[in-house]
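Spelled out from the first residue to the last, the chains are:
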Amino acid sequence: MIATCTNQNQTYCKLIRSHFDDVYNFLGEFITLKDIIDQMTNLEMIYTHCGNHHADDTTATAFIVALKWLIDSIYGRYFNYDGFCKRVSSITLDIRKKEKNGEAIIYDIGYGKFDHHDHAIQKKRPPKTINGVIDISVPYSSFGLLWQCYGKAYINLEYLVRYNEFPDPVLVDKYFEEFDSINIIPIDARDNGIYNLVESNYSETIANFNAFRSTDQNVPIFKVIDPNYKRISKDKVFNFACDFADRTLYGWTENIIRSIYDDTWVSKILENQDKNDTILVVDRIVRPSDAIFASNPNIRYIVYPNNRKFGCYYVRCARRSDRYDQYLFDPDRKELYGPGVTYIQGNGRLVNALSRSAAIQACRINDEMIDHSLHINPSAQAQFEKGSVVM
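Cut-off values and rules
Residues numbered from 1 in each chain as written. Predicted model: local features only at pLDDT ≥ 70, side-chain atom pairs only at ≥ 80, totals over all residues. Heavy atoms only, no water. Salt bridge = Lys/Arg side-chain N within 4 Å of Asp/Glu carboxyl O. Helix = DSSP H or I, 4+ residues; strand = E, 2+ residues; numbered from the N terminus. Buried < 20%, exposed > 50% of the residue type's maximum accessible area, 1.4 Å probe, protein only. Pairing = 2+ DSSP bridges. Right-handed = clockwise from strand over helix to strand, strands pointing away. Axes fitted to C-alpha atoms, helices over the stretch in contact; angles between N-to-C directions. Phe/Tyr/Trp six-rings, centres within 6.5 Å; stacked < 30°, edge-to-face > 60°. Lys NZ or Arg CZ within 6 Å of the ring centre and 35° of its normal. 1 Å grid on protein atoms, 1.4 Å probe; cavity = no way out; pocket = protein on both sides within 12 Å on 5 of 7 lines; lining within 4 Å. Points joined across faces, edges and corners; volume = space filled by probe spheres on them. Nonpolar A, V, L, I, M, F, W, Y, C, P; charged D, E, K, R; others polar. Contact = heavy atoms within 4.5 Å.

Q: What exactly am I supposed to notice about the pattern of salt bridges here?
A: Side chains that carry opposite charge are capable of pairing whenever their charged atoms lie near each other. The tally for this structure, following the rule as stated, stands at 19 salt bridges. Taking the shortest distance from any N to any O, the salt bridge between Lys98 and Asp94 comes out at 3.9 Å. Here Lys98 and its partner Asp94 are both found in helix α4 (residues 93-100), four residues apart, which amounts to about one turn of the helix. The exposure class assigned to Lys98 is partly exposed, which follows from its relative accessible area of 27%. Among the ionic pairs, Asp243 bridges to Arg247, the shortest N-O distance being 3.1 Å. Here Asp243 pairs with Arg247, and both are found in helix α9 (residues 236-270), just four residues apart, close to one helical turn. The exposure class assigned to Arg247 is exposed, which follows from its relative accessible area of 52%. What you see here is one network of salt bridges that share partners, running through Lys68, Asp72 and Arg77.

Q: Explanation requested: the pairing of strand β3 (residues 45-49) in the structure shown.
A: Moving residue by residue along a regular strand, the side chains alternate between the two faces of the sheet. Burial analysis of β3 places four of its five residues in the buried class, the great majority of the element. Here three bridges tie β3 to strand β5 (residues 104-106), and the two strands are oriented parallel to one another. Bridge pairing in β5 places Ile46 opposite Ile105. Across four bridges, β3 lies against strand β4 (residues 85-88) in parallel orientation. If you follow Ile46 over to β4, its bridge partner there is Cys85. Taken together, β3, helix α3 (residues 55-74) and β4 form a β-α-β motif whose crossover is right-handed.

Q: What's the story with the sheet that holds strand β12 (residues 350-353) in this structure? I'm lost.
A: Backbone-to-backbone hydrogen bonds join strands into a sheet, with any given pair of strands oriented parallel or antiparallel. The strand order across the open sheet built from five strands is β8-β9-β10-β12-β11, with neighbouring strands paired in mixed fashion. Of all strands in the sheet, those bounded by a partner on one side alone are β8 (279-281) and β11 (341-344). Averaged over neighbouring strand pairs, the angle between their axes works out to 20° when direction is ignored. Where β8 lies against strand β9 (residues 301-305), three bridges are found, and the strand directions are parallel. The residue bridging Ile279 from the neighbouring strand is Tyr301, located in β9.

Q: I tried to follow the packing of aromatic side chains on my own but got confused; where do I start?
A: Any pair of aromatic rings gets described here by the distance separating the centres and the angle formed by the planes. In this structure the tally under the stated criterion is 19 aromatic pairs. Seen from their ring centres, Phe63 and Phe143 are 6.0 Å apart, and the 65° between their planes marks the pair as edge-to-face. On the criterion of sequence distance, the pair formed by Phe63 in helix α3 and Phe143 in helix α5 (residues 142-163) is long-range, its members being 80 residues apart. Pair check on accessibility: Phe63 and Phe143 agree, each one buried. Ring geometry for Phe63 against Trp147: centres 5.5 Å apart, planes inclined by 55°, an arrangement best described as tilted. Of the two residues, Phe63 sits in helix α3 while Trp147 sits in helix α5, which places them 84 residues apart along the sequence. Accessibility assignment for this pair places Phe63 and Trp147 in one class, buried. Sitting over the face of the ring of Tyr175, Lys174 holds its NZ or CZ atom 5.1 Å from the ring centroid. Geometry around Trp265 places Arg284 over its ring, the cationic atom sitting 4.2 Å from the centre.

Q: Would you mind showing me how to read empty space enclosed by the protein here?
A: A water-sized probe, rolled over the atoms, reveals where empty space remains. Under the definition given, this model contains three cavities of 30 Å³ or more. In this structure, the largest cavity spans a volume of roughly 80 Å³. Forming the boundary of the largest cavity are Gly112, Lys113, Asp115, His116, His117, Asp118, Ile121, Gln122, Lys123, Tyr140 and Leu145. Of the residues assigned to the lining of the largest cavity, the class counts are three nonpolar, four polar and four charged.

Q: Would you take a moment to explain the sheet that holds β4 for this structure?
A: Strand order in the open sheet formed by three strands is β4-β3-β5, and the pairing between neighbours is parallel. Looking at which strands have only one partner, the edges of the open sheet turn out to be β4 and β5. Ignoring which end each strand starts from, the neighbouring axes of this sheet average 25° apart. Contacts from α4 reach β3, β4 and β5 within the one sheet, and its direction differs from that of β5 by about 115°.

Q: What am I meant to see in the environment of Ile279 here?
A: The topology assignment puts Ile279 in strand β8. When its relative accessible area of 4% is taken as the criterion, Ile279 is described as buried. In sequence terms Ile279 and Cys317 are 38 residues apart; their C-alpha atoms lie 9.5 Å from each other. Not counting residues within four places of it along the chain, the set of residues in contact with Ile279 comprises Gln273, Ile299, Tyr301, Val303, Ile360, Cys363 and Arg364.

The values are spatial; any link to function lies outside them.
Here is the structure:
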């Protein structure tokens, strides 16, 4: 089946066609964006193991559903997900045939490319330092393998439908790897029996859904939880866990897309920023990464609106590194930053001010405090006593 587009989404489809030949590296194998779209178009069923579920297989299920739903939505197709996931105890020849024909994906079972239980061919990440453990190589689980194959395409398409353009590939690479390190490695480590490396409250929460297996099926607890969950499988408990995974994955995805957009947006603003200024003032909430400030190394603070209190502004220290830790605010000396400062976070990285001008004043005073060995100089002291605004 060839992916076709409705008139409603012609803009998306035109942009996608221009990126059809974009190549993604799946652990040494190469797959194009067009290949991925065609795979999701032809996909009719997914297969995973039966019995107790874990964060690995439930999040993998949520991810495949999210990717297929995204592509189907772009191309204006309707797909009934009722029974889309089948949980089995073994992979039959018929299932293998469906996989070969592109009608099925098999994961976390069957010793295929999205399974991790064959230790002879188990794929591992490049060695890295995690929580002080040097050069440890965490094996991929099924979710980690699926993310390696489809993750970048997923990020690109999610960004496209929000902002009508493809994101900067450098930023995609950055947040693709960051997502793996922050969200997937804890899942993969625990699923591969590595419990003392990283904590994963998410994995434990998903596993706790297994307790419902022993619940009397006549008790209406399932209706109390959520009567409208996605019925992708006949297994109610698995569906509930996948529903939770789906919502979590949505939040993780939003963080990626928003971070890429913030980095892109702030980069454009910095092009016209005074190279000597230490303060970046913007008119919306942003959380750009440290690397974005490479072109403006003097930026120490970001001032942006407080979304909790109308009219108030936040000041956030722009970076997290030893070099810039010296520019943190002192929470024990809040009164020195002016009457407009109402709160300083305990770690000194976040300040709340009653106005934009009060936020900027706090930054200026902090600069002078730092530049004079943490002692208020006469100029800053006089400004503070008068309550004047330093611009």
